[in-house]
Each structure stands twice: as structure tokens, then as C-alpha cells.
Amino acid sequence: MEIERKFLVKMLPHDLEKYEKHEVTQAYICTDPVIRCRKSDERYYLTIKSSGLLKREEHEFMITKDQFDNLLKKSEGNIIEKTRYKIPEKDGLTIELDIFHGLFEGLIYAEVEFPTEEDAKKYNPPAFIDREVTGDGSYQNSSLSRMDKSLILNFISNVRTSADTDKS
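Residues numbered from 1 in each chain as written. Predicted model: local features only at pLDDT ≥ 70, side-chain atom pairs only at ≥ 80, totals over all residues. Heavy atoms only, no water.

Below, the discussion takes up the packing of aromatic side chains. Within the structure shown, the criterion is met by seven aromatic pairs. The interplanar angle of 65° and the centroid separation of 6.5 Å between the aromatic rings of Phe100 and Phe104 together place this pair among those described as edge-to-face. Comparing Phe100 with Phe104, the two get one shared label, buried. Taken together, the aromatic side chains of Phe100, Phe104, Tyr109, Tyr139 and Phe155 make up a single cluster linked through ring pairs. (Phe/Tyr/Trp six-rings, centres within 6.5 Å; stacked < 30°, edge-to-face > 60°. Buried < 20%, exposed > 50% of the residue type's maximum accessible area, 1.4 Å probe, protein only.)

Below is the structure:
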């Protein structure tokens, strides 16, 4: 079971480079149900997720590079590229901060996974976090994969504008 909250980021932590990071490429074979292939550095995964925003079933399997390359050719929509930083947080939690590249350059998300829904609900994010978007499905990576290329720049611009407005 995956229990996760998602946030927009208002500023990068000043010491970001000291944290573990991974270069990620992911694509979607299907978005209903979610079937995703992912390369994280030199590790490859096939992931199946149920529907849901805060809480959903998730099953992940390691695959080979050849299997990943084959699945990537069969993927639908946009390929997502990002650098993922793993920032240790209080209570043994980890903030996964994603800085997107390629088509989604300029987009920055932070996600935190929790052991229980109760833990998720009582979590208070650090100051570099802007606002929560867990309940908005348009921020899911599977939604980004389906986004029309002509709408991406406007989406990123709106994310930045709303973040700036929230700070005022």
C-alpha cells in the first residue's frame, strides 16, 4: 500500500547537493490502471498502481535493461525525466524532491510516503514546501504523461504563478 502526500516546492533547499540523488526516466504503458516502467540510475522497474490520490495499492518489480527498453518503446504519451533527491525528514520519513527535465523543465514536486494515513494527516512539511496538491490528480506523473504537449508550458507557468500568489 502506498500512502503519499504531494507538494509543490517554493524554493530548493540551499544544501540540496549533499543529499542522495537519482536520475529517473519513466513512461506509462497504461494509465488506467497505472502500469509504469522506470529507470532509476541503472536499476529498472515495472510498477502497477491502483487508482487513488492519497492511498493506493502499488506493486513494483525489478526488470532488466532490455525489458525496460522494450516497454519504453510501447509506452504512451510523454516520457518523464527528473532528478530525484532523497531528503531525510523527522520520524524516519523521506522527502523525495523531484526536479523535472525535458518537456517538464521548471516543474518541482516533493512527495512523502507514510506508514499510515494517520501519520500522513498529521505531517507538517518543512519551510521549503509551498502547497499541497495531493488531492489534485492533474499533478500525478501519470497525468503528466497524458498531457498534450501544447499545454505543458502553460501548466508549468500556472504552477509557478499560483506558487507566487500563495506567497503574497
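By secondary structure assignment, the location of His22 is in strand β2 (residues 20–31). Separated by 2.5 Å, the side chains of His22 and Glu20 make a polar contact. A distance of 2.5 Å separates the side chain of His22 from the side chain of Asp41, its partner in a polar contact. In this structure, His22 is in contact with Ser40, Asp41, Lys82, Thr83, Arg84 and Lys86, ignoring residues within four places of it in sequence. (Helix = DSSP H or I, 4+ residues; strand = E, 2+ residues; numbered from the N terminus. Polar contact = N/O pair within 3.5 Å; in protein donor to acceptor, adjacent residues only side chain to side chain. Contact = heavy atoms within 4.5 Å.)

Below, the discussion takes up the pairing of strand β7 (residues 76–88). Relative to β7, β2 is paired through eight bridges, and the arrangement is antiparallel. Bridged to Tyr28 within β7 is Glu76. Taken together, the eight bridges between β7 and strand β8 (residues 94–101) define a ladder with antiparallel strand orientation. Paired with Lys86 across the two strands is Glu96, which belongs to β8. As consecutive antiparallel partners, β7 and β8 are separated by five residues, and within that stretch Asp91 has a phi angle of approximately 60°, a positive value. (Pairing = 2+ DSSP bridges.)

According to the stated counting rule, one finds 18 salt bridges in the structure shown. Residue Lys49 pairs with Glu58 through a salt bridge whose shortest N-O separation is 3.3 Å. We classify Glu58 as partly exposed; its relative accessible area is 24%. In this structure, Arg84 engages Asp98 in a salt bridge whose closest nitrogen and oxygen atoms are separated by 2.7 Å. Within this pair, whereas Arg84 is found in strand β7, its partner Asp98 is found in strand β8, the two being separated by 14 residues in sequence. (Salt bridge = Lys/Arg side-chain N within 4 Å of Asp/Glu carboxyl O.)

Below, the discussion takes up the side chain of Lys6. With respect to the element layout, Lys6 can be found in strand β1 (residues 2–9). For Lys6, the residues in contact, after removing those within four places along its chain, are Tyr109, Ala110, Glu111, Glu132, Val133, Thr134, Tyr139, Gln140 and Asn141.

Attention now goes to the confidence of the model for the protein. On average, the protein scores 93 in pLDDT, and the residues at 70 or more come to 95%. Mean pLDDT across the elements of the protein bottoms out in helix α4 (residues 149–167) (77) and peaks in β8 (98). (pLDDT = per-residue confidence, 0-100.)

What follows covers the environment of Leu93. Within the secondary structure layout, Leu93 lies in the loop between β7 and β8. Sequence separation between Leu93 and Tyr123 is 30 residues, and the spatial gap between their C-alpha atoms is 9.9 Å. Every residue in contact with Leu93, bar those within four places of it in the chain, is listed here: Ile87, Pro88, Val112, Glu113, Phe114, Pro115 and Tyr123.

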